[in-house]
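The chain contents come next:
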Amino acid sequence: MKKLLGRIWYFIKEIFYKYRFFWKRVGFSLITLVLAVIFGFVIIKLMPGDVVAMYARNLANQRKISYEDAYRMAVQLLNYDPQESVFNQLGKYLNGLFHGNLGTSMYRDDVSALTVIRDFLPWTLLISGISLLLSFFLGVVMGGKMAAKRKGFGNAMRNTYVVVSGAMPDYIWGLLLIYFLAVRKSWFPMGGSYDLLLEDEGMPWLINVLYHAALPIIAYTIVQTGSWALSMRGSAIGVLGEDYIYAARVRGVSERRIRSQYLTRNALLPLVTSFAVSFGAIFGGSPLMENIFNYPGFGAEFNTAIGDRDYFLIQGLMVFMSFMIILANFIADSVYSLVDPRVRREN
């Protein structure tokens, strides 16, 4: 029995030691998540006035009940009682998070952080996810060419595109696209997610959804492609100065093979982290762009909650966004450690 326990203990120690870089990242991610959750709790404590009393007055007016009954109902719905001690409040808050209660709207019935995530996040992921993938692919291709061919008319045009697309914010591109392609040419709809007359199923509905999402996707892609191209260009120029590139050229390896097998593959490594972090950031949406296109996204709903001072809904959505960004950073660090063995050796 002692030998068996000893072997198990030795195996556990080996696992922790061999993958210590992974466990370090798990620990840092958990600490960051705990701090984000505590920050969300502190937001409620720092708000001026009694938010429960504000919510109770709204409930009393909406449901035609006494203020005392409305106050008790508000405490239950919001999972927050300002009369209790701070530790009891924090305990209730954490218990609610563990049970999936991220927060309830103070002004809208049957609206919570979970319903906002369920109803609006898929629309944001649709336009932001597609545009992120498109811009990443186009930016990598463009950046590789900018690094390999730094002279000529083509390179001048690519540099001009990067400067112009980066100098103008995405909402300006959105307004220009709406004016020229929706108002002047009527090629695309001016806003919305789909035609309300269509049934919410089937291939025609899916095509209509993509048709309505085209302009936001194009606007996002125009802006993001330039930044990915610059990142890829800087990384590729660094790789071109490595000794193994010179050695490949001395051996007579063709430039095309050097770009495909040596340059692009190694230059992409630093962009893995940036891509994962960008993927985590899209869960916050883009309130301005979604409002411009009248698109029912997560960012527009979060912006509405901020405008209404819907504190508990804001709190829940912020905790969710923090969790997704922390998770994306954790995945990025882990994937980068797997694709680049030098990181594991340094750790």
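Residues numbered from 1 in each chain as written. Predicted model: local features only at pLDDT ≥ 70, side-chain atom pairs only at ≥ 80, totals over all residues. Heavy atoms only, no water.

Within the largest apolar cluster, 22 residues are counted, with the highest numbers of intra-cluster contacts made by Ile117, Phe298, Leu317 and Phe320. Elements supplying a minimum of two residues to this core: helix H2 (20-46), helix H5 (86-98), helix H6 (113-148), helix H14 (298-307) and helix H15 (311-339). When residues of this core are assigned to their parent elements, the largest contribution, 7 residues, is made by H15. Excluding its chain neighbours within four sequence positions, the residues that come into contact with phenylalanine 320 are Leu102, Ile117, Leu121, Phe283 and Phe298. Listed in part, the 17 residues of the second largest apolar core include Trp228, Met232, Ala248 and Leu263. (Core = buried A, V, L, I, M, F, W, Y, C linked by side-chain atoms within 4.5 Å. Buried < 20%, exposed > 50% of the residue type's maximum accessible area, 1.4 Å probe, protein only. Helix = DSSP H or I, 4+ residues; strand = E, 2+ residues; numbered from the N terminus. Contact = heavy atoms within 4.5 Å.)

For the rest of this paragraph, the subject is the packing of aromatic side chains. Counting across every chain of the model gives 11 aromatic pairs. Relative to phenylalanine 320, the ring of phenylalanine 283 has its centre 6.3 Å away and its plane inclined at 75°; by these criteria the two rings are edge-to-face. Of this pair, phenylalanine 283 sits in the loop between helix H12 (269-281) and helix H13 (287-292) while phenylalanine 320 sits in helix H15, and the two are 37 residues apart along the sequence. In this structure phenylalanine 320 comes out as buried when scored by relative accessible area, which is 14%. In textbook terms, an aromatic cluster arises when at least three aromatic residues are bridged by ring pairs, as seen for Phe279, Phe283, Phe298 and Phe320. (Phe/Tyr/Trp six-rings, centres within 6.5 Å; stacked < 30°, edge-to-face > 60°.)

Another aspect to go through is helix H4 (residues 67-78). Between its first and last C-alpha atoms H4 spans 16 Å; for 12 residues at 1.5 Å apiece the expected length is 16 Å, and the two agree. For H4, the set of buried residues is Ala70, Tyr71, Ala74, Val75 and Leu78. Projected down its long axis, H4 shows its buried positions confined to an angular sector of 140°, all on one face. Among the residues trailing H4, asparagine 79 stands out with phi positive, at a value near 55°. (Expected span 1.5 Å × (residues − 1). Arc of directions from axis to C-beta.)

In this section: the side chain of threonine 221. Tracing the backbone shows threonine 221 in helix H9 (residues 202-240). Residue threonine 221 is classed as buried on the basis of its relative accessible area, which comes to 10%.

It is worth spelling out the pattern of salt bridges at this point. All told, the structure shown has 2 salt bridges when counted by the stated rule. Across the pair arginine 72 and aspartate 69 runs a salt bridge, and its minimum N-O distance is 2.2 Å. Of the two residues, arginine 72 and aspartate 69 are both situated in helix H4; the distance of 3 residues between them amounts to about one turn of the helix. Residue aspartate 69 is classed as partly exposed on the basis of its relative accessible area, which comes to 36%. In this structure, arginine 118 engages aspartate 119 in a salt bridge whose closest nitrogen and oxygen atoms are separated by 2.9 Å. Overall, the relative accessible area of 56% leaves arginine 118 in the exposed class. Take aspartate 119: its relative accessible area is 36%, and that puts it in the partly exposed class. (Salt bridge = Lys/Arg side-chain N within 4 Å of Asp/Glu carboxyl O.)

What follows concerns the packing of H6 against H12. One way to put it is that H6 packs onto H12 with a least axis distance of 11 Å and a crossing angle of 160°. Classed by the angle they form, the pair H6 and H12 counts as roughly antiparallel. As H6 runs across H12, the sense of the crossing is right-handed. Contacts between H6 and H12 involve Leu132, Leu133, Phe136 and Val140 from the first element and Leu271, Phe275, Ser278 and Phe279 from the second. Classifying every residue of the contact of H6 with H12 by side-chain character gives 7 nonpolar, 1 polar and no charged. (Axes fitted to C-alpha atoms, helices over the stretch in contact; angles between N-to-C directions. Parallel < 35°, antiparallel > 145°, perpendicular 65-115°, else oblique. Left-handed = near helix turned anticlockwise from the far one by under 90°. Nonpolar A, V, L, I, M, F, W, Y, C, P; charged D, E, K, R; others polar.)

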